[in-house]
Amino acid sequence: MNPDAIALNRFGLGARPDETPPRDPRRWLLVQFERYQPRPAPWSGQQGTGARLADYQERQRAIRSTPDEDKQAARQMLRRDARSGYLAAVDARLASALDTPAPFVERLVHFWANHFAISVEKPLVLGLAGSYEAEAIRPHVLGRFDALLAAAVRHPAMLVYLDQAQSMGPDSPAAQRLAERAPQRRRGLNENLAREILELHTLGVRSGYTQADVTEFARALTGWSVAGGEGPAPADPAMEAPEPGGFRFRPALHEPGARSVLGRRYAQPGEQQAGAILADLAAAPATARHIATKLARHFVADDPPPALVDRLAVAFQRSGGDLPSVYRVLVDAPESWTGTGRKFKTPWDWTVSSMRALGRRELKSTQAAALLAQLGQPVWRPGSPAGYDDIAASWAAPDALVRRVELAQRIASQAGDAIDPRQLAPRLLPGDALGEGTRLAIARADSASTGLALLLVSPDFLRR
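In this section: the overall build of the protein chain. Along the protein chain, the regular secondary structure elements total 23 helices and four strands. Expected size for 464 residues packed as a compact globule is a radius of gyration near 23 Å; at 24 Å, the protein chain falls within 12% of this value. Each of the three principal axes of the protein chain carries a C-alpha extent, and together these read 80 × 55 × 40 Å. Burial analysis of the protein chain (464 residues in total) assigns 53% to the buried set. Sequence-distant contacts in the protein chain: of pairs separated by 6 or more residues, those separated by 24 or more amount to 74%. Surface summary for the protein chain: the accessible area is close to 19,600 Å², and the carbon and sulfur share equals 51%. Once the 58 positive and 51 negative side-chain charges of the protein chain are each reduced to a mean point, those two points are 1 Å apart.

As structure tokens, then:
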């Protein structure tokens, strides 16, 4: 692959036929930092976290007072409405990818949303997934890692997804009152969020933390909850007001005492205790290497070059986690511009690049969520806090390729003869990115639609 093709397809979201290749690919990527829109037009009509959370909790309270025979129907209606919000948010996400003036930064949004993955099996998370990306991820991808980390793990979607909202310190005031009033009810410490922050969001696996560190961090996190009814009811009417976006610290749930995590003692009061641990994790050398490895894997190769990982990690630490400083090292790296180690497109990548290839700037009648589910990568539903895999082995199975062929044929048939794939191919795959085999297959196709389908599932287009 040549630099133009790499900039458009590996760093960007796929070439468009109505845009000329960049004259200076590296500069083209970096100036996008100034063009990026944290809340572009497709997201402007989306309801915010606070409003969604308040509506959900109000309806949950109404369901509790509903006659038993009507409760099931009310719950089904609540989930249908949450799904409607989810579908609209998926459409906004795809529409932003089609018409963004900063495709490199938009790709970074997708990267970080997958790094801090949530999954929408729970009804409340289903309704909050779009606002999570809009409020916790999009505004912070060009900032500092510690700010991005804090925004992600404090968002109600993450707190509810990982069962943090109701985590209770064993010796907290709330636990003591509960033991006195209802000893048969057992509600205690939940370690999910602490474990995923250490293993997935910051240090990475096999980085030296222990189970004791997980437990101590989980104790420090007690009290991190959401406003309203997703946490235990406050016993103190003077409890702190919720922050915008639905986060609320509940002192009654917080485990008292100092904590020891990774050999360091934390004696800060209340909410500040977990915040201090989080800040140290964000600055840890293991975190720098973990983030550097994932960025190099996403943008360069499934087996990222060790020397590049080293340079990215150094940039992360020297800049104090300033993400644009790390991105600049990535863009400047010679390893990023080699034709070897090409990345296989995920279903999301392939869908976005296919629609951009056809010149689409809006969704029209496309059902984005159903389309991605059909291809095996439903948006915000990886089923695991680890997010979706970022290697070819997870996406290049024969049955997955068959689904892409079927969809490519459908897309091509809708385009009809309006697009000449022989002219389109070199615009999407400039220079030597278009292989001779792909060019010949398109030229020999018996119709324009067949040629277009062949282009979209060609080895050249399936990789970036």
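Bringing the packing of aromatic side chains into the picture now. Counted by the stated rule, this structure contains 15 aromatic pairs. Taken together, a centroid distance of 6.0 Å and an interplanar angle of 65 degrees make the contact between Tyr-86 and Trp-380 edge-to-face. Taken as a pair, Tyr-86 in helix H5 (residues 68–99) and Trp-380 in the loop between helix H18 (368–374) and helix H19 (398–415) lie far apart in primary sequence, 294 residues in all. Here the two residues Tyr-86 and Trp-380 agree in accessibility, since each one is buried. Here the aromatic residues Phe-11, Phe-33, Phe-104, Phe-299, Tyr-327 and Trp-337 are joined through ring pairs into a cluster of three or more. Positioned above the aromatic ring of Trp-348, the side-chain terminus of Arg-93 is 4.6 Å from the ring centre. Positioned over the ring face of Phe-461 is Lys-345, at 3.6 Å from the centre of the ring.

Ranked by internal contacts, the top residues of the largest apolar core, which has 140 residues, are Trp-112, Phe-116, Ile-137 and Phe-217. The residues touching Trp-112, leaving out its near neighbours within four places in the chain, are Ile-137, Val-141, Phe-145, Leu-148, Ile-291, Leu-323 and Tyr-327. If you look at the next biggest cluster of nonpolar residues, it comprises seven residues, including Leu-178, Ala-182, Ala-252 and Leu-253.

Another aspect to go through is the packing of helix H7 (residues 123–137) against helix H8 (residues 145–154). For any two helices packed against each other, the geometry is given by the interaxial angle and the distance between the axes. Where H7 meets H8, the axes come as close as 9 Å, and the angle between the chain directions of the two elements is 155 degrees. With respect to each other, H7 and H8 are oriented roughly antiparallel. By crossing handedness, the relation of H7 to H8 is classed as right-handed. Between H7 and H8, the residues in contact are Tyr-132, Ala-136 and Ile-137 and Leu-148, Ala-151 and Ala-152, respectively. Class assignment of the residues belonging to the contact of H7 with H8 gives a composition of six nonpolar, no polar and no charged.

Of note, Ala-212 is situated in helix H12 (residues 211–221). As a C-alpha pair, Ala-212 and Ala-252 span 40 residues in sequence and 23 Å in three-dimensional space.

Quick look at the environment of Asp-171 now. Within the secondary structure, Asp-171 is located in the loop between helix H9 (156–161) and helix H10 (173–181). Here Asp-171 falls in the partly exposed class, since its relative accessible area comes to 46%. As for Asp-171 and Asp-18, which are separated by 153 residues in sequence, their C-alpha atoms are 63 Å apart. In this structure Asp-171 touches Gln-176, Glu-255 and Pro-256, once residues within four positions along its chain are discounted.

This next bit is on the side chain of Glu-196. Mapping Glu-196 onto the fold places it in helix H11 (residues 192–201). It turns out Glu-196 is buried and unbridged, and the closest side chain with the opposite charge, Arg-195, is 5.7 Å from it. In this structure, Glu-196 is in contact with Leu-162, His-201 and Pro-385, ignoring residues within four places of it in sequence.

Interhelical geometry of H11 versus H12 gives an angle of 120 degrees and a closest axis separation of 8 Å. When the interaxial angle is binned, H11 and H12 end up oblique. The crossing of H11 and H12 is right-handed. Judged by residue contacts, Leu-193, Ala-194, Arg-195, Ile-197 and Leu-198 of H11 engage Gln-211, Asp-213, Val-214, Phe-217, Ala-218 and Leu-221 from H12.

Another point: helix H16 (residues 323–332). Quick reminder: α-helices carry 3.6 residues per turn. Residues three or four places apart thus point the same way. Those residues of H16 not exposed but buried are Leu-323, Pro-324, Val-326, Tyr-327, Leu-330 and Val-331. What you see down the axis of H16 is that its buried residues fit within an arc of 155 degrees, all on one side.

Conventions and cut-offs
Residues numbered from 1 in each chain as written. Predicted model: local features only at pLDDT ≥ 70, side-chain atom pairs only at ≥ 80, totals over all residues. Heavy atoms only, no water. Helix = DSSP H or I, 4+ residues; strand = E, 2+ residues; numbered from the N terminus. Rg over C-alpha atoms; globule rule 2.2 N^0.38 Å. Buried < 20%, exposed > 50% of the residue type's maximum accessible area, 1.4 Å probe, protein only. Contact = heavy atoms within 4.5 Å. Areas by Shrake-Rupley, 256 points an atom, 1.4 Å probe, with all protein chains shown as cover. Lys, Arg positive; Asp, Glu negative; His and termini not counted. Charge placed at Lys NZ, Arg CZ, Asp CG, Glu CD. Phe/Tyr/Trp six-rings, centres within 6.5 Å; stacked < 30°, edge-to-face > 60°. Lys NZ or Arg CZ within 6 Å of the ring centre and 35° of its normal. Core = buried A, V, L, I, M, F, W, Y, C linked by side-chain atoms within 4.5 Å. Axes fitted to C-alpha atoms, helices over the stretch in contact; angles between N-to-C directions. Parallel < 35°, antiparallel > 145°, perpendicular 65-115°, else oblique. Left-handed = near helix turned anticlockwise from the far one by under 90°. Nonpolar A, V, L, I, M, F, W, Y, C, P; charged D, E, K, R; others polar. Salt bridge = Lys/Arg side-chain N within 4 Å of Asp/Glu carboxyl O. Arc of directions from axis to C-beta.

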